[in-house]
Amino acid sequence: MTDILIVDDERDIRELVSDILEDEGYVTRLAGNSDDCMNAINTEPPALLILDIWLKDSRMDGIDILKTVKRDNPDVPVVIISGHGNIEIAVAAIKQGAYDFIEKPFNIDQLMVVIRRAMEASRLRRENSSLKRREVTNAEMIGQSAAFRTLISQLDKVTKSNGRVMLTGPAGAGKEIAARYVHAQSNRANGPFVTVNCAGVEPDRVEEVLFGRETPERGIEPGLLEEAHGGVVYFDEVSDMPVGTQSKILRVLVEQQFQRVGGSDKVRVDLRVISSTNKDLEAEIQAGRFRQELYHRLNVVPIAVPSLAERREDIPVLAEHFIANCNATQGLPLRPLTEESVALMQTMTWPGNVRQLKNLIERVLILGEGSGPIEARELPSEEEKGDDEGRVVLSGSLATLPLREAREAFEREYLLTQINRFGGNISRTASFVGMERSALHRKLKSLGVVTSNKSGARFAHVDENSVEAAE
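K.L.:
What should I look at first to understand the overall build of the protein chain in this one?
P.N.:
Regarding its fold elements, the protein chain presents 20 helices and 16 strands. The buried share among the 471 residues of the protein chain stands at 44%. In the protein chain, the proportion of contacts linking residues at least 24 apart, taken out of those at least 6 apart, comes to 69%. As displayed, the protein chain has an accessible area near 24400 Å², and 48% of this comes from carbon and sulfur atoms.

K.L.:
When you look at the side chain of Arg164 in this model, what are you seeing that I'm missing?
P.N.:
Mapped onto the elements of the fold, Arg164 is located in the loop between α6 (146-158) and β6 (165-168). This buried residue, Arg164, is left without a salt bridge; Asp270 holds the nearest opposite charge, at 9.5 Å. Separated by 3.4 Å, the side chain of Arg164 and the backbone oxygen of Arg297 make a polar contact. Excluding residues that lie within four positions of it along the chain, Arg164 makes contacts with Leu253, Val273, Arg297, Leu298, Val300 and Val301.

K.L.:
Mind showing me how you'd approach the packing of helix α17 (residues 403-421) against helix α18 (residues 426-433) here?
P.N.:
Between two packed helices, both the angle of their axes relative to each other and the distance between the axes serve to describe the pair. Running from N to C, α17 and α18 point in directions that differ by 125 degrees, and their axes come no closer than 8 Å. When the axis of α17 is compared with that of α18, the two are oblique. The handedness of the crossing between α17 and α18 comes out as right-handed. Across the interface between the two elements, Tyr414, Leu415, Gln418, Ile419 and Arg421 from α17 touch Ile426, Thr429, Phe432 and Val433 from α18.

K.L.:
Got a minute to help me understand the packing of aromatic side chains in this structure?
P.N.:
Describing an aromatic ring pair means giving the distance of the ring centres and the angle of the ring planes. In this structure the tally under the stated criterion is 4 aromatic pairs. With 5.8 Å between their ring centres and 20 degrees between their planes, Phe410 and Tyr414 make a pair best called stacked. Of this pair, Phe410 and Tyr414 both sit in helix α17, 4 residues apart, which is roughly one turn of the helix. Positioned above the aromatic ring of Phe432 is the side chain of Arg421, whose terminal nitrogen or guanidinium carbon lies 4.4 Å from the ring centre.

K.L.:
Even after reading the chapter, I still don't get the sheet that holds strand β4 (residues 78-82), so can you show me in this structure?
P.N.:
Picture the strands of a sheet paired through backbone hydrogen bonds; they go either parallel or antiparallel. Judged by pairing direction, the sheet is parallel, and its 5 strands sit side by side in the order β2-β1-β3-β4-β5 without closing on themselves. Single-partner strands in this sheet number two, and they are β2 (27-31) and β5 (100-103). Neighbour to neighbour, the strand axes of the sheet diverge by 20 degrees on average, direction disregarded. As paired strands, strand β3 (residues 48-52) and β4 are joined by 4 bridges and run parallel to one another. Following the sheet pairing, Leu49 is matched in β4 by Val78. Most of the contacts of helix α1 (residues 11-23) go to β2, to which it runs at about 170 degrees, and overall it touches β1 (3-7), β2 and β3. Sitting on the sheet, helix α2 (residues 34-43) touches β1, β2 and β3, and the angle it makes with β1 is about 165 degrees.

K.L.:
For this particular structure, what's the right way to read unusual backbone geometry?
P.N.:
The phi angle of most residues is negative, glycine excepted, and most peptide bonds adopt the trans form. The phi dihedral of Asp57 is positive, around 55 degrees, even though this residue is not glycine. Checked against the element boundaries, Asp57 lands in the loop between β3 and α3 (62-72).

K.L.:
Please clarify how the environment of Asp265 should be interpreted in this entry.
P.N.:
Take Asp265: it is sitting in the loop between β11 (257-259) and β12 (266-268). Expressed as a C-alpha distance, the spacing of Asp265 and Glu214, which sit 51 residues apart in the sequence, is 9.9 Å. Residues contacting Asp265, with those up to four places away along its chain left out, are Arg71, Phe258, Gln259 and Arg260.

K.L.:
Teacher, can you tell me more about the packing of α6 against helix α7 (residues 175-184) here?
P.N.:
Running from amino to carboxyl end, α6 crosses α7 at an angle of 40 degrees, the nearest separation of the two axes being 9 Å. On the basis of the axis angle, α6 is oblique to α7. Crossing geometry of α6 relative to α7 is assigned as right-handed. Residues Ile152, Leu155, Asp156 and Val158 of α6 form the contact with α7, whose own contacting residues are Ala178, Tyr181 and Val182. Residues belonging to the contact of α6 with α7 are distributed by class as follows: 6 nonpolar, no polar and 1 charged.

K.L.:
I'm lost on the side chain of Glu237 in this one. Help?
P.N.:
Its place among the elements puts Glu237 in the loop between β10 (232-236) and α10 (243-255). On the basis of relative accessibility, which here comes to 11%, the residue Glu237 falls in the buried class. A polar contact of 2.9 Å, which involves the side chain of Glu237, links it to the backbone nitrogen of Asn278. Residues in contact with Glu237, not counting those within four places in the same chain, are Lys175, Cys198, Ser276, Thr277 and Asn278.

K.L.:
Please explain a nonpolar patch on the surface as it appears in this structure.
P.N.:
Judged by side-chain polarity, Phe410, Tyr414 and Phe432 come together as a nonpolar surface patch covering roughly 300 Å² of accessible area. With relative accessibility at 31%, the residue Tyr414 sits in the partly exposed group.

K.L.:
Got a minute to help me understand the sheet that holds β6 in this structure?
P.N.:
Pairing is parallel in the open sheet, where 5 strands are placed in the order β7-β10-β13-β6-β14. Only two strands of the sheet have a single neighbouring strand rather than two, namely β7 (193-197) and β14 (301-304). Strand-to-strand twist across the sheet, computed as the mean angle between neighbouring axes with direction ignored, equals 20 degrees. Note that β6 and β14 share 4 bridges and pair parallel. Looking across to β14, one finds that Thr168 is bridged to Ala304. Those strands touched by α7 are β6, β7, β10 and β13 (272-277), and its axis lies near 155 degrees from that of β7.

Cut-offs and rules
- Residues numbered from 1 in each chain as written.
- Predicted model: local features only at pLDDT ≥ 70, side-chain atom pairs only at ≥ 80, totals over all residues.
- Heavy atoms only, no water.
- Helix = DSSP H or I, 4+ residues; strand = E, 2+ residues; numbered from the N terminus.
- Buried < 20%, exposed > 50% of the residue type's maximum accessible area, 1.4 Å probe, protein only.
- Contact = heavy atoms within 4.5 Å.
- Areas by Shrake-Rupley, 256 points an atom, 1.4 Å probe, with all protein chains shown as cover.
- Lys, Arg positive; Asp, Glu negative; His and termini not counted.
- Salt bridge = Lys/Arg side-chain N within 4 Å of Asp/Glu carboxyl O.
- Polar contact = N/O pair within 3.5 Å; in protein donor to acceptor, adjacent residues only side chain to side chain.
- Axes fitted to C-alpha atoms, helices over the stretch in contact; angles between N-to-C directions.
- Parallel < 35°, antiparallel > 145°, perpendicular 65-115°, else oblique.
- Left-handed = near helix turned anticlockwise from the far one by under 90°.
- Phe/Tyr/Trp six-rings, centres within 6.5 Å; stacked < 30°, edge-to-face > 60°.
- Lys NZ or Arg CZ within 6 Å of the ring centre and 35° of its normal.
- Pairing = 2+ DSSP bridges.
- Nonpolar A, V, L, I, M, F, W, Y, C, P; charged D, E, K, R; others polar.
- Patch = residues over 30% accessible without salt bridge, like charges linked within 9 Å, V, L, I, M, F, W, Y side chains within 5 Å.

Shown next, in the form of C-alpha cells:
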C-alpha cells in the first residue's frame, strides 16, 4: 500500500507535497477541505494521511478529522502539518493518535523521513495482525470419536452465519479452540479474533478494558471491542462478567456502538460474538448473577463441547498431536506411545480435560530420558504404588467390602472404564478384556451396566434400578 491522501486548504502546498511524493514512487490523492477528505477516506482508506490542522471554510478542523479517522480507521497513520504550530497543538495531535507533527514551512528531507517511518510502522502493524490471524487459521480441532464428529458437525453449521454462539462445557475441554475454529472457517477469517477473559479482568477495570478510554493526558486508548472490529470477540467464561457491565454489553449487541470511558463520541463496531461458560447460566440467572436478556442475546446457537471423558477414543491422537507440537516448538524428543501407556491414559480420570492431557505430555517429554517410547511407568498413577513392583493397592472403600461385593465393584468399574475407553463399542471391549460378546452382555446386565447416547456417542453408566433389582 503506497496510497497517500494529502489534505491542505492551500492548493500550492498540497500539489507541492504531491509532486515530491510521486517522484519518490508514491501514489497520492488530494483534498482541500474536510468534506472532500472524509469522502476520499470513506471511498477507500489511504495507507497514510498528511493532514493540515487548520482548514479554511471546512466543517471540521484537522483535530476533528484526526479523531474520526483514528476511531473508524485506526490502522491509518496520520502526519499533522501546520503553519501555526505550537507545542500545545503538537501534544494534542499526538494524544489523539497522530503519528507525528511537522511545522510549516517544513524541510522536505524531514517530511520524507517521517513519511517513510510512518509507512514502515503501518506495514509492521499489518504484518503483525496477519501473523496473529494466521495463528487463528491454524487452530486445529483434533479427534475422530463420535462425540468429536458431532461437535464438528455443529460447528460447521454456524461458520457461514453471523449468529451468536454459546459454547458450554467443563474447563479445559477446548471451548476456545472451538471458537477459533468457527472464526477460521467463517467469512471473517481475515479479521481479528479478540479474547476477553471475563474472569481475569479486574472488576473495576473491565469497562476500560472492553470499551477503551479517553483522557486529556493520554488521548484515545482503544478497548478490546474496538480491536475486534470486523472480526470476532470471544467472551471466555462470560458468567464471570460483572452484572453492571452485562447491561452495557447488552446495549452494544443491540446498537453495535458504544462510548469509551471518559469519551463522548459513539464508536461503531461490526462484531460477531462467541461466548463460553462452564457454569449453568440459567442457575446463575435465578441467583441474580447473570442478566436474562443478555443470556438470550448470546445463546442464539448453543453448542456443547464434550469433556475428555466423553471422547476417550481421541486420547491417543490428541497425545500424538501434543508430542509433535512439543517437538516442533520446543525441540523436545518425538517419542512414540506404547500400547500400555495409551491404555493407561484412556482409563485415567481427567478433571482438567484436554488441557490436562497437554500438560501431562509436555511434562513427560521434559522429564523423560532418551527418545524411546513413552512407557506406562512414566505416567502418574491414580493409586499410590506399594513397595513391591506390580502390586495393586486397594482403595479404602474397596478394602472394607466382603470378597463377593468387592469383586462385583471392581468388575463394574473395570468394565465401565473399558467400555468408555472404546467409545461404547461392546465388540472392541469384549476383544480387549478377553470375553465372548454374549458373555460380556450377560456380565454387564448382572452388574447393572448399561449404555446410552450422550454428546453423539455411546456412554456406559450404572443403572441403579438394575443394581437394586439384582440385589
